Amino acid sequence: MQLEREVEQEYRPRMLASLQSKVDQVAAESRALVPVCPCCGRPMVYHDTRRVSWQAHWGHLQAFPSRYRCSPCKQQRRPLLELLGVEPGRICGSLARRLGLLAAVAPYELAARLAQLFLGVTISAMGVWRVAQRLGQAAASYSDALSQYHADSRSVGASVEDAPPAVILGVDGCTLGMQIRSHRRRRVGTEPLPALPPIEQGHFREVKTGVVLLPSERVETSPGRRSVVRRFLVTCLGEADEIFRRLYAQVRELGWVGPHTVVVIVGDGAEWIWKRTPMFVHRCEILDFWHALEHAWAFAHLRYGEDTAQADRWVHRIAEDLRTGKVQAVIAGLKRLRPKTGELRESLQSLISYYSENAERMRYDEYLRLGYGIGSGAVESAHKQVVHARLRQAGMRWSEAGARRLLALRLLLLNGDWALLDRLRMVSLA
Ligand SMILES: [Zn+2]
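Residues numbered from 1 in each chain as written. Predicted model: local features only at pLDDT ≥ 70, side-chain atom pairs only at ≥ 80, totals over all residues.

A few words now on the sheet that holds strand E1 (residues 45-49). Taken in spatial order, the three strands of this open sheet run E1-E4-E5, and their pairing is antiparallel. Each end of this open sheet is capped by a strand with a single partner; those strands are E1 and strand E5 (75-77). Strand-to-strand twist of the sheet, defined as the mean angle between neighbouring strand axes without regard to direction, takes the value 30 degrees. Bridging between E1 and strand E4 (residues 66-70) involves four bridges; their strand directions are antiparallel. In the sheet register, Asp-48 faces E4, and the bridge partner there is Arg-67. (Pairing = 2+ DSSP bridges. Helix = DSSP H or I, 4+ residues; strand = E, 2+ residues; numbered from the N terminus. Axes fitted to C-alpha atoms, helices over the stretch in contact; angles between N-to-C directions.)

Here is the structure:
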(Lines give C-alpha, C1' and ligand atoms only; values in the text may rest on other atoms or scores of the structure.)
Protein backbone atom coordinates (compact mmCIF):
# COMPACT_ATOMS: atom_id res chain seq x y z
CA MET A 1 0.00 0.00 0.00
CA GLN A 2 2.84 2.35 0.92
CA LEU A 3 4.40 1.72 -2.50
CA GLU A 4 1.15 2.45 -4.28
CA ARG A 5 0.83 5.75 -2.48
CA GLU A 6 4.42 6.72 -3.24
CA VAL A 7 3.90 6.16 -6.94
CA GLU A 8 0.70 8.13 -6.86
CA GLN A 9 2.39 11.03 -5.09
CA GLU A 10 5.23 10.99 -7.55
CA TYR A 11 3.04 10.92 -10.64
CA ARG A 12 0.35 13.39 -9.63
CA PRO A 13 2.42 16.49 -10.56
CA ARG A 14 3.53 14.80 -13.76
CA MET A 15 -0.04 14.01 -14.75
CA LEU A 16 -1.01 17.60 -14.01
CA ALA A 17 1.85 18.90 -16.16
CA SER A 18 0.88 16.56 -18.97
CA LEU A 19 -2.74 17.70 -18.76
CA GLN A 20 -1.64 21.34 -18.76
CA SER A 21 0.36 20.82 -21.92
CA LYS A 22 -2.69 19.28 -23.63
CA VAL A 23 -4.72 22.31 -22.60
CA ASP A 24 -2.00 24.57 -24.02
CA GLN A 25 -2.13 22.65 -27.26
CA VAL A 26 -5.90 23.09 -27.57
CA ALA A 27 -5.41 26.78 -26.78
CA ALA A 28 -2.80 27.16 -29.53
CA GLU A 29 -4.97 25.37 -32.09
CA SER A 30 -8.07 27.42 -31.32
CA ARG A 31 -6.35 30.81 -31.21
CA ALA A 32 -7.70 31.89 -34.60
CA LEU A 33 -11.27 30.94 -33.74
CA VAL A 34 -13.61 33.97 -33.98
CA PRO A 35 -17.01 33.12 -32.52
CA VAL A 36 -20.35 34.37 -33.84
CA CYS A 37 -22.88 36.11 -31.62
CA PRO A 38 -25.56 33.70 -30.32
CA CYS A 39 -28.18 36.47 -30.82
CA CYS A 40 -27.49 38.13 -34.16
CA GLY A 41 -25.16 35.56 -35.71
CA ARG A 42 -22.52 38.15 -36.69
CA PRO A 43 -18.82 37.60 -35.93
CA MET A 44 -17.93 38.94 -32.49
CA VAL A 45 -15.24 41.53 -31.74
CA TYR A 46 -12.06 40.70 -29.80
CA HIS A 47 -12.08 42.29 -26.36
CA ASP A 48 -9.29 41.03 -24.11
CA THR A 49 -7.28 38.04 -22.91
CA ARG A 50 -7.01 37.24 -19.23
CA ARG A 51 -5.59 34.37 -17.27
CA VAL A 52 -8.12 31.97 -15.77
CA SER A 53 -7.63 28.85 -13.67
CA TRP A 54 -9.82 25.96 -12.58
CA GLN A 55 -9.46 22.85 -10.48
CA ALA A 56 -8.98 19.39 -11.97
CA HIS A 57 -8.30 16.10 -10.25
CA TRP A 58 -4.51 16.55 -9.96
CA GLY A 59 -4.45 20.26 -9.24
CA HIS A 60 -5.08 23.64 -10.81
CA LEU A 61 -4.92 24.24 -14.53
CA GLN A 62 -4.67 27.56 -16.30
CA ALA A 63 -5.29 29.12 -19.68
CA PHE A 64 -5.39 32.52 -21.39
CA PRO A 65 -8.70 32.53 -23.24
CA SER A 66 -9.60 35.43 -25.53
CA ARG A 67 -12.87 37.15 -24.82
CA TYR A 68 -15.07 38.31 -27.70
CA ARG A 69 -18.04 40.64 -27.52
CA CYS A 70 -21.08 41.76 -29.45
CA SER A 71 -21.93 45.13 -27.95
CA PRO A 72 -25.36 45.67 -29.61
CA CYS A 73 -26.56 42.31 -28.15
CA LYS A 74 -24.54 42.59 -24.91
CA GLN A 75 -23.10 39.11 -25.46
CA GLN A 76 -19.66 37.75 -24.70
CA ARG A 77 -17.97 34.44 -25.37
CA ARG A 78 -14.68 32.75 -24.64
CA PRO A 79 -14.44 30.00 -27.25
CA LEU A 80 -11.50 28.27 -25.60
CA LEU A 81 -13.43 27.74 -22.35
CA GLU A 82 -16.44 26.50 -24.31
CA LEU A 83 -14.19 24.07 -26.15
CA LEU A 84 -12.68 22.78 -22.90
CA GLY A 85 -16.02 22.79 -21.10
CA VAL A 86 -14.61 24.52 -18.03
CA GLU A 87 -15.69 27.38 -15.80
CA PRO A 88 -13.04 29.73 -14.39
CA GLY A 89 -12.39 29.32 -10.67
CA ARG A 90 -14.46 26.14 -10.39
CA ILE A 91 -14.00 22.42 -10.06
CA CYS A 92 -14.37 21.03 -13.56
CA GLY A 93 -14.01 17.93 -15.69
CA SER A 94 -13.75 14.43 -14.30
CA LEU A 95 -13.20 15.56 -10.70
CA ALA A 96 -16.53 17.40 -10.81
CA ARG A 97 -18.28 14.29 -12.17
CA ARG A 98 -16.83 12.11 -9.44
CA LEU A 99 -17.81 14.53 -6.71
CA GLY A 100 -21.28 14.64 -8.26
CA LEU A 101 -21.40 10.86 -8.09
CA LEU A 102 -20.51 10.88 -4.39
CA ALA A 103 -23.15 13.54 -3.74
CA ALA A 104 -25.75 11.44 -5.55
CA VAL A 105 -25.26 8.53 -3.14
CA ALA A 106 -24.30 10.15 0.18
CA PRO A 107 -25.25 13.23 2.18
CA TYR A 108 -22.95 16.17 1.35
CA GLU A 109 -20.94 15.96 4.59
CA LEU A 110 -20.24 12.29 4.07
CA ALA A 111 -19.58 12.81 0.36
CA ALA A 112 -16.87 15.34 1.27
CA ARG A 113 -15.27 12.81 3.58
CA LEU A 114 -15.45 10.12 0.91
CA ALA A 115 -13.82 12.52 -1.56
CA GLN A 116 -10.84 12.73 0.75
CA LEU A 117 -10.59 8.96 1.14
CA PHE A 118 -11.39 7.98 -2.43
CA LEU A 119 -9.83 10.75 -4.45
CA GLY A 120 -7.37 12.35 -2.08
CA VAL A 121 -9.16 15.66 -2.62
CA THR A 122 -9.85 18.02 0.28
CA ILE A 123 -13.20 19.72 -0.16
CA SER A 124 -15.93 21.05 2.13
CA ALA A 125 -19.49 19.76 2.19
CA MET A 126 -20.50 23.11 0.68
CA GLY A 127 -17.99 22.56 -2.12
CA VAL A 128 -19.53 19.18 -2.95
CA TRP A 129 -22.98 20.78 -2.78
CA ARG A 130 -21.96 23.45 -5.31
CA VAL A 131 -20.66 20.87 -7.78
CA ALA A 132 -23.82 18.78 -7.37
CA GLN A 133 -25.97 21.85 -8.09
CA ARG A 134 -24.16 22.65 -11.32
CA LEU A 135 -24.19 19.06 -12.56
CA GLY A 136 -27.70 18.40 -11.28
CA GLN A 137 -29.05 21.44 -13.10
CA ALA A 138 -27.48 20.17 -16.31
CA ALA A 139 -29.09 16.75 -15.78
CA ALA A 140 -32.47 18.22 -14.84
CA SER A 141 -32.53 20.51 -17.88
CA TYR A 142 -31.73 17.55 -20.08
CA SER A 143 -34.62 15.43 -18.78
CA ASP A 144 -36.99 18.42 -18.89
CA ALA A 145 -36.07 18.98 -22.52
CA LEU A 146 -36.60 15.29 -23.32
CA SER A 147 -40.04 15.28 -21.75
CA GLN A 148 -40.98 18.51 -23.54
CA TYR A 149 -39.76 17.14 -26.84
CA HIS A 150 -41.96 14.05 -26.61
CA ALA A 151 -44.95 16.01 -25.34
CA ASP A 152 -45.09 17.65 -28.76
CA SER A 153 -47.07 15.28 -30.96
CA ARG A 154 -45.15 16.49 -34.03
CA SER A 155 -41.81 15.35 -32.66
CA VAL A 156 -40.37 12.07 -33.87
CA GLY A 157 -40.33 9.22 -31.34
CA ALA A 158 -38.12 6.16 -31.58
CA SER A 159 -39.19 3.51 -34.08
CA VAL A 160 -42.03 1.33 -32.78
CA GLU A 161 -41.26 -1.42 -35.28
CA ASP A 162 -40.05 -3.72 -32.49
CA ALA A 163 -42.56 -2.51 -29.90
CA PRO A 164 -43.32 -5.25 -27.35
CA PRO A 165 -46.82 -6.75 -26.97
CA ALA A 166 -47.06 -5.34 -23.44
CA VAL A 167 -45.24 -2.80 -21.30
CA ILE A 168 -45.72 -2.22 -17.58
CA LEU A 169 -45.93 1.25 -16.08
CA GLY A 170 -46.13 2.06 -12.41
CA VAL A 171 -46.06 5.18 -10.29
CA ASP A 172 -45.49 5.81 -6.63
CA GLY A 173 -45.12 8.92 -4.55
CA CYS A 174 -44.25 10.29 -1.13
CA THR A 175 -43.68 13.67 0.44
CA LEU A 176 -40.45 15.54 1.04
CA GLY A 177 -39.92 18.03 3.85
CA MET A 178 -39.17 21.35 2.21
CA GLN A 179 -37.27 24.20 3.65
CA ILE A 180 -38.82 27.51 2.88
CA ARG A 181 -36.44 30.38 3.35
CA SER A 182 -37.03 34.00 2.49
CA HIS A 183 -33.29 34.59 2.52
CA ARG A 184 -30.11 32.53 2.83
CA ARG A 185 -28.66 32.11 6.29
CA ARG A 186 -25.39 33.97 6.59
CA ARG A 187 -22.58 33.28 8.97
CA VAL A 188 -21.73 36.33 11.04
CA GLY A 189 -18.09 36.32 12.09
CA THR A 190 -17.25 33.04 13.77
CA GLU A 191 -20.80 32.46 15.01
CA PRO A 192 -22.26 29.14 13.87
CA LEU A 193 -25.17 29.33 11.44
CA PRO A 194 -28.52 29.88 13.11
CA ALA A 195 -30.63 26.72 13.20
CA LEU A 196 -33.16 26.20 10.44
CA PRO A 197 -36.69 27.02 11.49
CA PRO A 198 -38.76 23.92 12.27
CA ILE A 199 -40.78 22.49 9.38
CA GLU A 200 -44.06 24.28 9.31
CA GLN A 201 -47.28 22.56 8.50
CA GLY A 202 -47.77 22.27 4.77
CA HIS A 203 -44.14 22.73 3.84
CA PHE A 204 -44.08 19.45 2.02
CA ARG A 205 -43.85 18.64 -1.63
CA GLU A 206 -44.94 15.47 -3.34
CA VAL A 207 -42.18 13.61 -5.13
CA LYS A 208 -43.11 10.90 -7.59
CA THR A 209 -41.31 8.06 -9.31
CA GLY A 210 -42.43 6.23 -12.41
CA VAL A 211 -41.13 2.91 -13.69
CA VAL A 212 -41.24 1.37 -17.15
CA LEU A 213 -40.45 -2.31 -17.66
CA LEU A 214 -41.30 -5.26 -19.86
CA PRO A 215 -43.29 -8.17 -18.38
CA SER A 216 -41.14 -10.54 -20.45
CA GLU A 217 -38.05 -9.35 -18.61
CA ARG A 218 -39.27 -10.20 -15.14
CA VAL A 219 -37.43 -13.18 -13.77
CA GLU A 220 -37.99 -15.14 -10.62
CA THR A 221 -34.60 -15.20 -8.90
CA SER A 222 -35.82 -17.36 -6.03
CA PRO A 223 -39.34 -18.57 -5.13
CA GLY A 224 -41.55 -15.53 -4.69
CA ARG A 225 -38.71 -13.12 -5.36
CA ARG A 226 -38.69 -11.39 -8.68
CA SER A 227 -36.29 -9.02 -10.25
CA VAL A 228 -36.24 -7.28 -13.60
CA VAL A 229 -33.53 -7.34 -16.19
CA ARG A 230 -34.11 -3.74 -17.24
CA ARG A 231 -36.19 -0.96 -15.87
CA PHE A 232 -36.32 2.71 -16.71
CA LEU A 233 -37.06 5.24 -14.05
CA VAL A 234 -38.46 8.74 -14.24
CA THR A 235 -39.02 11.13 -11.39
CA CYS A 236 -40.39 14.58 -10.68
CA LEU A 237 -41.15 16.92 -7.88
CA GLY A 238 -44.84 17.72 -7.82
CA GLU A 239 -47.72 17.25 -10.15
CA ALA A 240 -49.32 14.00 -11.23
CA ASP A 241 -49.57 15.25 -14.82
CA GLU A 242 -45.85 15.79 -14.89
CA ILE A 243 -44.93 12.22 -13.91
CA PHE A 244 -47.25 10.85 -16.58
CA ARG A 245 -45.68 13.24 -19.13
CA ARG A 246 -42.30 11.84 -18.18
CA LEU A 247 -43.47 8.23 -18.38
CA TYR A 248 -44.94 8.94 -21.79
CA ALA A 249 -41.68 10.55 -22.94
CA GLN A 250 -39.72 7.54 -21.67
CA VAL A 251 -41.80 4.94 -23.53
CA ARG A 252 -41.67 7.09 -26.66
CA GLU A 253 -37.91 7.42 -26.36
CA LEU A 254 -37.67 3.63 -26.08
CA GLY A 255 -40.14 2.98 -28.90
CA TRP A 256 -42.02 0.64 -26.60
CA VAL A 257 -45.61 1.61 -27.31
CA GLY A 258 -46.69 0.54 -30.81
CA PRO A 259 -50.23 0.39 -32.22
CA HIS A 260 -50.83 -3.04 -30.65
CA THR A 261 -48.97 -2.65 -27.37
CA VAL A 262 -51.00 -3.13 -24.21
CA VAL A 263 -49.96 -0.60 -21.58
CA VAL A 264 -50.29 -2.28 -18.19
CA ILE A 265 -50.64 0.23 -15.36
CA VAL A 266 -50.19 -1.01 -11.82
CA GLY A 267 -51.47 1.31 -9.11
CA ASP A 268 -52.14 1.35 -5.40
CA GLY A 269 -55.67 2.63 -5.86
CA ALA A 270 -54.82 6.33 -5.63
CA GLU A 271 -57.34 8.30 -7.71
CA TRP A 272 -54.72 10.52 -9.34
CA ILE A 273 -53.30 7.49 -11.12
CA TRP A 274 -56.53 6.17 -12.64
CA LYS A 275 -57.59 9.66 -13.72
CA ARG A 276 -54.62 9.85 -16.04
CA THR A 277 -54.42 6.34 -17.47
CA PRO A 278 -56.92 7.01 -20.31
CA MET A 279 -54.06 8.71 -22.17
CA PHE A 280 -53.10 5.16 -23.18
CA VAL A 281 -55.66 3.69 -25.56
CA HIS A 282 -54.83 -0.01 -25.21
CA ARG A 283 -54.44 -0.38 -21.51
CA CYS A 284 -54.88 -2.81 -18.67
CA GLU A 285 -55.30 -1.33 -15.21
CA ILE A 286 -54.28 -3.43 -12.22
CA LEU A 287 -54.99 -2.64 -8.59
CA ASP A 288 -51.99 -3.76 -6.57
CA PHE A 289 -52.94 -7.09 -4.99
CA TRP A 290 -51.45 -6.24 -1.59
CA HIS A 291 -53.34 -2.98 -1.37
CA ALA A 292 -56.54 -4.86 -2.17
CA LEU A 293 -55.80 -7.20 0.73
CA GLU A 294 -54.94 -4.38 3.12
CA HIS A 295 -58.53 -3.21 2.91
CA ALA A 296 -59.73 -6.74 3.75
CA TRP A 297 -57.35 -6.81 6.72
CA ALA A 298 -58.80 -3.56 8.05
CA PHE A 299 -62.26 -5.11 8.24
CA ALA A 300 -61.00 -8.47 9.53
CA HIS A 301 -59.14 -6.82 12.42
CA LEU A 302 -62.24 -4.93 13.41
CA ARG A 303 -64.42 -8.01 13.21
CA TYR A 304 -62.15 -10.71 14.66
CA GLY A 305 -59.52 -8.69 16.49
CA GLU A 306 -55.87 -8.14 15.57
CA ASP A 307 -53.54 -11.16 15.42
CA THR A 308 -56.32 -13.71 15.59
CA ALA A 309 -56.34 -16.97 13.67
CA GLN A 310 -59.89 -16.19 12.53
CA ALA A 311 -58.85 -12.90 10.92
CA ASP A 312 -55.95 -14.71 9.25
CA ARG A 313 -58.19 -17.45 7.88
CA TRP A 314 -60.82 -15.02 6.67
CA VAL A 315 -58.34 -12.82 4.75
CA HIS A 316 -56.48 -15.79 3.30
CA ARG A 317 -59.69 -17.17 1.87
CA ILE A 318 -60.41 -13.80 0.26
CA ALA A 319 -56.84 -13.66 -1.07
CA GLU A 320 -57.25 -17.11 -2.61
CA ASP A 321 -60.56 -16.16 -4.25
CA LEU A 322 -59.20 -12.88 -5.57
CA ARG A 323 -56.11 -14.57 -6.97
CA THR A 324 -58.29 -16.98 -8.90
CA GLY A 325 -60.36 -14.15 -10.36
CA LYS A 326 -63.50 -14.51 -8.23
CA VAL A 327 -63.84 -10.84 -7.33
CA GLN A 328 -67.61 -10.81 -8.01
CA ALA A 329 -68.10 -13.85 -5.76
CA VAL A 330 -66.07 -12.12 -3.05
CA ILE A 331 -68.24 -9.00 -3.29
CA ALA A 332 -71.43 -11.12 -3.19
CA GLY A 333 -70.10 -12.93 -0.12
CA LEU A 334 -69.34 -9.63 1.63
CA LYS A 335 -72.85 -8.40 0.88
CA ARG A 336 -74.33 -11.44 2.63
CA LEU A 337 -72.54 -10.59 5.88
CA ARG A 338 -74.70 -9.05 8.62
CA PRO A 339 -72.35 -7.23 10.98
CA LYS A 340 -73.75 -6.33 14.37
CA THR A 341 -72.29 -2.91 15.14
CA GLY A 342 -72.47 0.36 13.25
CA GLU A 343 -68.69 0.58 13.08
CA LEU A 344 -68.47 -2.88 11.49
CA ARG A 345 -71.25 -2.07 9.03
CA GLU A 346 -69.43 1.08 7.98
CA SER A 347 -66.11 -0.75 7.55
CA LEU A 348 -67.79 -3.51 5.54
CA GLN A 349 -69.57 -0.98 3.34
CA SER A 350 -66.30 0.77 2.56
CA LEU A 351 -64.65 -2.56 1.67
CA ILE A 352 -67.57 -3.47 -0.61
CA SER A 353 -67.43 -0.11 -2.40
CA TYR A 354 -63.66 -0.31 -2.79
CA TYR A 355 -63.88 -3.75 -4.41
CA SER A 356 -66.88 -2.79 -6.52
CA GLU A 357 -65.20 0.36 -7.83
CA ASN A 358 -62.00 -1.52 -8.61
CA ALA A 359 -63.48 -4.86 -9.75
CA GLU A 360 -62.34 -4.29 -13.33
CA ARG A 361 -58.79 -3.86 -12.04
CA MET A 362 -58.89 -7.04 -9.95
CA ARG A 363 -58.95 -9.81 -12.57
CA TYR A 364 -55.81 -11.25 -11.03
CA ASP A 365 -56.10 -14.72 -12.60
CA GLU A 366 -55.95 -13.11 -16.01
CA TYR A 367 -52.99 -10.85 -15.16
CA LEU A 368 -51.05 -13.82 -13.82
CA ARG A 369 -51.86 -15.88 -16.92
CA LEU A 370 -50.68 -13.02 -19.19
CA GLY A 371 -47.51 -12.61 -17.15
CA TYR A 372 -48.29 -9.02 -16.11
CA GLY A 373 -47.88 -9.71 -12.41
CA ILE A 374 -50.29 -8.43 -9.77
CA GLY A 375 -48.20 -6.26 -7.49
CA SER A 376 -46.59 -2.87 -7.52
CA GLY A 377 -43.53 -4.08 -5.59
CA ALA A 378 -41.12 -3.18 -8.41
CA VAL A 379 -42.47 0.38 -8.41
CA GLU A 380 -42.30 0.78 -4.66
CA SER A 381 -38.75 -0.49 -4.44
CA ALA A 382 -37.71 1.78 -7.30
CA HIS A 383 -39.25 4.77 -5.57
CA LYS A 384 -37.41 3.92 -2.37
CA GLN A 385 -34.12 3.67 -4.25
CA VAL A 386 -34.60 6.98 -6.05
CA VAL A 387 -36.00 9.00 -3.16
CA HIS A 388 -35.85 7.44 0.31
CA ALA A 389 -32.29 6.15 0.13
CA ARG A 390 -30.86 9.63 -0.33
CA LEU A 391 -33.50 12.33 0.20
CA ARG A 392 -35.52 11.04 3.13
CA GLN A 393 -32.91 10.52 5.79
CA ALA A 394 -33.43 11.85 9.29
CA GLY A 395 -33.79 15.60 9.51
CA MET A 396 -33.32 16.24 5.80
CA ARG A 397 -35.01 19.20 4.24
CA TRP A 398 -34.79 20.41 0.71
CA SER A 399 -35.06 23.49 -1.36
CA GLU A 400 -37.14 22.99 -4.47
CA ALA A 401 -34.15 23.41 -6.80
CA GLY A 402 -31.83 21.34 -4.60
CA ALA A 403 -34.20 18.36 -4.56
CA ARG A 404 -34.91 18.59 -8.27
CA ARG A 405 -31.21 18.61 -9.16
CA LEU A 406 -30.27 15.75 -6.86
CA LEU A 407 -33.16 13.63 -8.14
CA ALA A 408 -31.93 14.22 -11.69
CA LEU A 409 -28.46 12.98 -10.72
CA ARG A 410 -29.79 9.91 -8.93
CA LEU A 411 -31.92 9.08 -11.91
CA LEU A 412 -28.91 9.10 -14.25
CA LEU A 413 -27.09 6.82 -11.85
CA LEU A 414 -29.94 4.36 -11.28
CA ASN A 415 -30.86 4.28 -14.97
CA GLY A 416 -27.27 3.45 -15.91
CA ASP A 417 -26.94 6.74 -17.79
CA TRP A 418 -24.19 8.34 -15.71
CA ALA A 419 -21.88 8.62 -18.74
CA LEU A 420 -24.36 11.09 -20.20
CA LEU A 421 -22.95 13.68 -17.80
CA ASP A 422 -19.71 13.72 -19.81
CA ARG A 423 -21.64 15.20 -22.70
CA LEU A 424 -23.65 17.72 -20.69
CA ARG A 425 -22.26 21.14 -20.04
CA MET A 426 -22.25 22.01 -16.34
CA VAL A 427 -24.66 24.81 -15.62
CA SER A 428 -23.13 27.90 -14.09
CA LEU A 429 -25.22 29.07 -11.16
CA ALA A 430 -24.78 32.53 -9.75
ZN1 LIG B 1 -25.09 40.14 -31.59
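Before going further, it helps to spend a moment on the nonpolar core. Within the largest apolar cluster, 91 residues are counted, with the highest numbers of intra-cluster contacts made by Leu-99, Ala-103, Val-128, Leu-135, Val-167 and Val-264. Once residues lying within four places of it in the same chain are set aside, the contact partners of Leu-99 are Ile-91, Ala-115, Ile-123, Val-128 and Val-131. (Core = buried A, V, L, I, M, F, W, Y, C linked by C-beta atoms within 7 Å. Buried ≥ 20, exposed ≤ 12 C-beta atoms within 10 Å, placed from the backbone. Contact = placed C-beta atoms within 7 Å.)

Domain annotation for the protein reports domain 1 (2-129), domain 2 (137-178 + 202-285 + 385-430) and domain 3 (291-361). Placing a centre on the C-alpha atoms of domain 1 and another on those of domain 3 gives a separation of 63 Å. (Domains from an automatic or database assignment.)

What follows concerns the environment of Gln-76. Along the chain, Gln-76 turns up in strand E5. Residues contacting Gln-76, with those up to four places away along its chain left out, are His-47, Arg-67, Tyr-68 and Arg-69.

Here we come to the pairing of strand E11 (residues 262-267). A large share of E11 lies buried, amounting to five of its six residues. The pairing of strand E6 (residues 166-177) with E11 spans five bridges and is classified as parallel. Bridging across to E11, Ala-166 finds its partner in Val-262.

For the rest of this paragraph, the subject is the environment of Glu-109. Structurally, the position occupied by Glu-109 is in helix H4 (residues 108-119). By the C-beta count within 10 Å, which is 13 here, Glu-109 ends up partly exposed. Spatially, the C-alpha atom of Glu-109 lies 29 Å from that of Val-7, the residues being 102 residues apart in sequence.

If you trace the five strands from one edge of the open sheet to the other, you get E10-E7-E6-E11-E12, paired in mixed fashion. At either end of the open sheet lies a strand with only one pairing partner, and these are strand E10 (232-237) and strand E12 (283-287). Across the sheet, the mean angle from the axis of one strand to that of its neighbour is 20 degrees, orientation sign disregarded. Bridging between strand E7 (residues 204-213) and E10 involves six bridges; their strand directions are antiparallel. The partner of Val-207 across the bridge, within E10, is Leu-237.

In this model, helix H9 (residues 309-323) (15 residues) spans 21 Å end to end at C-alpha, consistent with the 21 Å of a helix rising 1.5 Å per residue. Positioned one or two residues after H9, Gly-325 has a phi angle of 85 degrees, which is positive. (Expected span 1.5 Å × (residues − 1).)

In this section: the pairing of E6. On a regular strand, one side chain projects to one face of the sheet and the next to the other, so that they alternate. As paired strands, E6 and E7 are joined by 10 bridges and run antiparallel to one another. Looking at the pairing, Gly-170 lines up with Val-211 of E7.

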